[in-house]
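Report on the structure
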Amino acid sequence: MKAVVFNPEKVMPEIKEVPIPVIGDNEVLIKVKAAALNHRDLHITNSKNKRSFIYGSDGAGEIIDVGKQVTQWSIGDEVVINSQISCLECEYCLKGEHSLCESGNVLGGAVWGGTFAKYVKVPAVNLERKPNHLTFAEAAALPLAFGTAWRALFSKAKLQAGESILIEGIGGGVALYSLQLALSVGAKVFVTSSSDEKLEKAIKLGATSGFNYRDGGINPLSLVPTGFDVIVSSNSRTLTSSIHYAKKGGRLVQFSFIGENLPLFDIDTVMGKQLQIFGSAMHSYTEFKNAIRFVEESKLVPVVSNILPLESFDEGFSEMKQGNQFGKIVFSI
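Described below are features of the structure shown in this document.

The next point concerns the overall build of the protein. Assigned secondary structure in the protein consists of 11 helices and 17 strands. Its C-alpha atoms give the protein a radius of gyration of 20 Å, near enough to 20 Å, the size a compact globule of 333 residues would have. The principal-axis extent of the C-alpha atoms belonging to the protein is close to 60 × 40 × 35 Å. Taking all 333 residues of the protein together, the buried fraction comes to 53%. Of the charged side chains in the protein, 33 are positive and 34 negative; the average position of the first set lies 1 Å away from that of the second.

Structure representation (structure tokens):
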């Protein structure tokens, strides 16, 4: 089968013919219909990786084979894949904190083959039914980013109706899902970006206002003078400004690390405002199940920036590197 594979000698992805995965007793084989790109796929393209692997963490498709012990799924079922592979046996998994699993992993790397391929195998427990109102491309855009946004807003920040939230770096998958989810619970949403075009698009989706941090533009505190109840960000460089923008008793959630240097910030302000700063990554199995159920019930539709054939993977990687996307970049397979 064709797949996008990491070449450790050239330190780059390439299309290559690889064997079709062989499933175990508790696994299923999926014919991938669509797969979505994540920043993770860029991060694992580096010289530290010394072995070949198939890219891709997010995907949706159709089950074409099931293991001997799999009873909950049948051939022909249309599914969306939970990207996070956990052991389901350690102290964290037994408490439902699968994202803290010490032996866990994520699809698309040196341990598990990824979704940028015609077929992928996953544990049967790592599937949810594809929401009926979504295309395969839209469903493939959900897993990592939507699960991350769900955990950040609801499990960590515990966002409530009527609260103000500042979402920094609008345009990426997690930020856009945070916008959609925050609006769904009745929060008042503000966004930042270096692009006026992205700010305008976010406002059309329901954001109250936006702030361009490149040209100075509107100061967020002129929009909400008392500060924001919740701030979510993926960029380490914004932590200092987030502390400044936060309301007394506010909650800050950092869901990723993008930036060259470790952030420095005023600990006196953190203590003086009595802020809560949360680190958040991915999601648990229960959170993923609840998130997909929410998509089905609310009829939420992911924002997709571009759909490309898998053979044009390099175009998608380039678009993400440049940061031009507004929504998820998806490959059709």
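Given a rise of 1.5 Å per residue, 12 residues ought to cover 16 Å, and the 17 Å separating the end C-alpha atoms of helix α5 (residues 173–184) matches this to within 8%. When you tally the buried positions in α5, you get 10 out of 12 residues, the bulk of the element. Among the residues of α5, those classed as buried are Gly173, Val174, Ala175, Leu176, Tyr177, Ser178, Leu179, Gln180, Leu181 and Ala182. Phi turns positive, to about 85 degrees, at Gly186, one or two residues after α5.

In this section: the packing of helix α4 (residues 143–156) against helix α10 (residues 285–298). One way to put it is that α4 packs onto α10 with a least axis distance of 9 Å and a crossing angle of 100 degrees. On the basis of their axis angle, the class for α4 and α10 is roughly perpendicular. Contacts between α4 and α10 involve Pro143, Phe146, Trp150, Arg151 and Ser155 from the former and Glu287, Phe288, Asn290, Ala291, Phe294 and Val295 from the latter. Looking at side-chain class alone, the contact of α4 with α10 contains seven nonpolar, two polar and two charged residues.

Inspection of every chain in the model, using the stated rule, returns 11 salt bridges. In this structure, Glu163 engages Arg251 in a salt bridge whose closest nitrogen and oxygen atoms are separated by 2.9 Å. In this pair, Glu163 sits in the loop between α4 and β10 (164–167) while Arg251 sits in strand β14 (residues 246–258), placing the two residues 88 residues apart along the sequence. As far as the burial class goes, Glu163 and Arg251 line up, both buried. We note a salt bridge from Asp229 to Lys247, for which the minimum N-O separation is 3.3 Å. Taken as a pair, Asp229 in strand β13 (residues 228–235) and Lys247 in strand β14 lie far apart in primary sequence, 18 residues in all. Taking relative accessible area as the criterion, Asp229 reaches 13% and is therefore assigned buried. Residue Lys247 is classed as partly exposed on the basis of its relative accessible area, which comes to 31%. A single network of salt bridges, built from pairs that share partners, joins Glu97, Arg151 and Glu287.

As a further point, take empty space enclosed by the protein. Applying the stated criterion to the full structure yields one cavity of 30 Å³ or more. Lining the largest cavity, in full, are Ile231, Val232, Ser233, Leu239, Ser242, Leu252, Val253, Gln254 and Ile277. Looking at the lining of the largest cavity, the elements that each hand over two or more residues are β13, α8 (239–245) and β14. Of the residues belonging to the lining of the largest cavity, the class tally is six nonpolar, three polar and no charged.

What counts, and at which threshold
Residues numbered from 1 in each chain as written. Predicted model: local features only at pLDDT ≥ 70, side-chain atom pairs only at ≥ 80, totals over all residues. Heavy atoms only, no water. Helix = DSSP H or I, 4+ residues; strand = E, 2+ residues; numbered from the N terminus. Rg over C-alpha atoms; globule rule 2.2 N^0.38 Å. Buried < 20%, exposed > 50% of the residue type's maximum accessible area, 1.4 Å probe, protein only. Lys, Arg positive; Asp, Glu negative; His and termini not counted. Charge placed at Lys NZ, Arg CZ, Asp CG, Glu CD. Expected span 1.5 Å × (residues − 1). Axes fitted to C-alpha atoms, helices over the stretch in contact; angles between N-to-C directions. Parallel < 35°, antiparallel > 145°, perpendicular 65-115°, else oblique. Contact = heavy atoms within 4.5 Å. Nonpolar A, V, L, I, M, F, W, Y, C, P; charged D, E, K, R; others polar. Salt bridge = Lys/Arg side-chain N within 4 Å of Asp/Glu carboxyl O. 1 Å grid on protein atoms, 1.4 Å probe; cavity = no way out; pocket = protein on both sides within 12 Å on 5 of 7 lines; lining within 4 Å. Points joined across faces, edges and corners; volume = space filled by probe spheres on them.

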